[in-house]
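Residues per chain, in single letters:
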Amino acid sequence: MKLCMIGTGYVGLVSGVCFADLGNDVICVDKNIDKINNLSNGKIPIYEPGLSELVIKNFKNKKLKFSTNLKKSVKESDIIFICVGTPTKKDGSSADLSQIFNVSKEISSSINKFKIIVTKSTVPVTTGDQIEKIFLKKNNRKNFAIISNPEFLREGEAIRDFIYPDRIVVGSNDKRSSRILKNLYSPLISKGASYLHTSRRAAELIKYASNSFLATKITFINEMANLCEKIGVNIEDISIGMGLDKRIGSRFLRAGPAYGGSCFPKDTKAITSTADKFKTNLSVVKSVIKSNENRSTLLLNRVYEILNKKIKNKTITFLGVTFKANTDDMRDSSSLKMIPALSKKGAKIKYFDPTGYKKEFSKIKNVFNSLSIKDSLQGSDLVIIHTEWNDFKSINFKSLYKGKKFIIYDMRNIYSPKKIKEQGFRYYSIG
Ligand code: UDX
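Reading the values: rules and limits
Residues numbered from 1 in each chain as written. Predicted model: local features only at pLDDT ≥ 70, side-chain atom pairs only at ≥ 80, totals over all residues. Heavy atoms only, no water. Axes fitted to C-alpha atoms, helices over the stretch in contact; angles between N-to-C directions. Helix = DSSP H or I, 4+ residues; strand = E, 2+ residues; numbered from the N terminus. Left-handed = near helix turned anticlockwise from the far one by under 90°. Contact = heavy atoms within 4.5 Å. Near = heavy atom within 4 Å. Polar contact = N/O pair within 3.5 Å; in protein donor to acceptor, adjacent residues only side chain to side chain. Areas by Shrake-Rupley, 256 points an atom, 1.4 Å probe, with all protein chains shown as cover. Domains from an automatic or database assignment. Core = buried A, V, L, I, M, F, W, Y, C linked by side-chain atoms within 4.5 Å. Buried < 20%, exposed > 50% of the residue type's maximum accessible area, 1.4 Å probe, protein only. Pairing = 2+ DSSP bridges. Phe/Tyr/Trp six-rings, centres within 6.5 Å; stacked < 30°, edge-to-face > 60°. Lys NZ or Arg CZ within 6 Å of the ring centre and 35° of its normal. Salt bridge = Lys/Arg side-chain N within 4 Å of Asp/Glu carboxyl O.

**Some words on the packing of helix 12 (residues 264-277) against helix 13 (residues 283-306)**
Packed helices, taken two at a time, are described by the angle their axes make and the gap between the axes.
Argument step 1. Across the interface, helix 12 lies against helix 13 with an axial gap of 9 Å and an inter-helix angle of 145 degrees. In the crossing of helix 12 with helix 13, the sense of the turn from one axis to the other is left-handed. For the pair formed by helix 12 and helix 13, the contact residues are Thr268, Lys269, Ile271, Thr272 and Asp276 on the first element and Val285, Lys286, Ile289 and Glu293 on the second.

The structure is reproduced here in structure tokens:
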């Protein structure tokens, strides 16, 4: 099929490349000329394992093209995926849909035959209805169908999540286009992916409900970890014990720093704002947002306690600063709150991240990027394992320290407390 992805951010690029790899002809469109030129030269704007190889392969095979010309690309395609950003509005509440509506207007004036328009961007319930209204201003109802097909791709695992999804959700009020979409996804369905057809509004809500539920699960276990610290119980036992109950499941029950990234913080806020508009109080999700926002302060207080409230002139190492492993994404990472707060209290911060230097810390006093784990540990008083990169899972701390021994605060519970203590280090973990 001939597909057009509007927006070459995370969702558009990964989905576009994977669709091309399944044999479709895909044009990825973006208004950013530099981005399109770079992509055409095999330069990928994001860090995602496996993505670069797939882009180069499919570009060479001519299954994947890049363009800045939206109108021409839409005319040449059968299905148009809207994959532009829906950031949180400046007032911090609902989703900013200006990019969605702007591209909808452009697409609606470029239609030359029947087109299926699919929103892959995460959009609040009823956005599909609003897009339909935009299209009706310039087109006959028979010439288009607006469908919701949310993405559930995790950063760092996006290619795998696309090829082996748990489910594919297609929300459409139009039978013909639902059949076409099911056909597009048939290579994945035949490999075992569940396919769910719903109303358009239901599909829009499934995405928000899923992310809010996962955020709730993480926040729940984080709060349990707080309790475990007070009563001397290991949170890992609680996670395993709960997770073995099939009704609960073991995934997304790992206690750690506050959840971050481009989705959970944004989507939890957006769904409560939508619900408020419909006069429904999502009190659970509201309290999850609050608990998560307070979590960095809570962990910082723990750092102060570990260092006996003497932060000034202490050297603190962060191993990993991204919001999770296998991504270079810093959006809503808890390190963005913790590092400036520690610097303000007079600490010197050294950080090492496998994805390198982070401009986010360039203006923060006394924050230095180290080029290796070894370098980052030298002269450190406290080592904080912030992100669960594989690179940090089997460090031989004993062979790497020189002079004084540092304290280790493992915010991802990677290490066995017993083994680290046997090496003579003071070790703290979550819960
Ligand atoms: C998420 C959703 O999982 C994905 O389906 C959606 O489409 C996009 O948003 P992503 O933001 O890439 O994906 O990351 P995810 O792996 O879900 O982790 C989000 C945050 O939760 C991270 O900060 C991570 O460290 C944290 N987390 C996750 C935990 O603290 N504990 C866990 O057990 C799982």
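**Observations regarding the site of the ligand**
Argument step 1. Neighbouring the ligand are 18 residues, the closest being Glu155, Arg254, Cys263, Lys324 and Arg412.
Argument step 2. Residue Phe323 places a main-chain N or O atom 3.2 Å away from an oxygen atom belonging to the ligand.
Argument step 3. Considered on its own, the ligand offers 660 Å² of accessible surface; in the complex 95% of this is hidden by protein.
Argument step 4. The greatest single-element share of the shell around the ligand, amounting to 3 residues, is contributed by helix 10 (residues 200-231).
Argument step 5. Each of domain 1 (2-198) and domain 2 (233-431) accounts for three or more of the residues forming the shell around the ligand.

**Overview of the nonpolar core**
Argument step 1. In terms of nonpolar packing, the biggest core is built from 37 residues, with Phe19, Val26, Leu64, Phe66, Ile79, Phe81 and Leu181 touching the most fellow members.
Argument step 2. The dominant element in this core, judged by the number of residues it contributes, is helix 1 (residues 10-21), at 8 residues.
Argument step 3. Setting aside anything within four residues of it in sequence, one finds Phe19 in contact with Leu3, Met5, Asn24, Val26, Phe81, Lys120, Phe162, Leu184 and Tyr185.
Argument step 4. Leu299, Ile311, Ile339 and Val367 belong to the second-largest nonpolar core, a separate cluster that totals 32 residues.

**Quick notes on the sheet that holds strand 13 (residues 407-410)**
Argument step 1. With parallel pairing, 6 strands are arranged side by side in an open sheet as 11-10-9-12-13-14. For this open sheet the edge positions go to strand 11 (367-369) and strand 14 (427-429), each flanked by a neighbour on one side alone. Strand after strand, the sheet turns through a mean of 20 degrees between neighbouring axes, direction not considered.
Argument step 2. Bridge analysis of strand 13 against strand 14 gives 3 bridges, and the strand direction is parallel. Within strand 14, the position partnered with Asp410 by the bridge is Ser429.
Argument step 3. Across the sheet, helix 14 (residues 335-344) lies against strand 9 (315-319), strand 10 (348-352) and strand 11, angled at about 170 degrees from strand 9, the strand it touches most.

**Digging into the packing of aromatic side chains**
Argument step 1. Applying the stated criterion across every chain yields a total of 15 aromatic pairs.
Argument step 2. Their ring planes at 70 degrees and their centres at 6.2 Å tell us that Phe352 and Phe392 sit as a pair that is edge-to-face. Here the residue Phe352 occupies a position in strand 10, and Phe392 occupies one in the loop between strand 12 (382-385) and helix 16 (397-400), the gap between them amounting to 40 residues. Grouping residues by exposure puts Phe352 and Phe392 together as buried.
Argument step 3. With centroids separated by 5.7 Å and ring planes inclined at 85 degrees, the aromatic side chains of Tyr401 and Phe425 adopt a geometry described as edge-to-face. Residue Tyr401 is found in the loop between helix 16 and strand 13, and its partner Phe425 is found in the loop between helix 17 (417-422) and strand 14; the two are separated by 24 residues along the sequence.
Argument step 4. Classification of Tyr401 by relative accessible area gives partly exposed; the value is 24%.
Argument step 5. Take Phe425: its relative accessible area is 3%, and that puts it in the buried class.
Argument step 6. By the ring-pair criterion, three or more aromatic residues cluster together here, those being Phe397, Tyr401, Phe406, Tyr415 and Phe425.
Argument step 7. One cation-aromatic arrangement involves Arg176 over Phe114; the distance from NZ or CZ to the ring centre is 3.9 Å.
Argument step 8. One residue, Lys345, lies across the ring of Tyr304, its end atom 5.1 Å from the ring centre.

**Quick look at the pattern of salt bridges**
Argument step 1. Tallied over the full model, the rule gives 24 salt bridges.
Argument step 2. Across the pair Lys57 and Asp21 runs a salt bridge whose closest N-O atoms are separated by 2.9 Å. Linking Lys57 in helix 3 (residues 51-60) with Asp21 in helix 1, this pair joins segments that are 36 residues apart in sequence.
Argument step 3. Residue Asp21 is classed as partly exposed on the basis of its relative accessible area of 31%.
Argument step 4. Put simply, Glu132 and Arg200 hold a salt bridge, and the shortest N to O gap is 3.0 Å. Here Glu132 is found in helix 6 (residues 127-138), whereas its partner Arg200 is found in helix 10, with 68 residues between them in sequence.
Argument step 5. Several salt bridges converge on common partners, so that one network encompasses Asp129, Glu132, Arg141, Arg200 and Arg201.

**Describing the environment of Lys290**
Argument step 1. Examined against the element boundaries, Lys290 turns out to sit in helix 13.
Argument step 2. Residue Lys290 is classed as exposed on the basis of its relative accessible area, which comes to 57%.
Argument step 3. Placed 71 residues apart in sequence, Lys290 and Thr219 show a C-alpha to C-alpha distance of 9.9 Å.

By themselves, these are just geometric observations and shouldn't be taken as functional.
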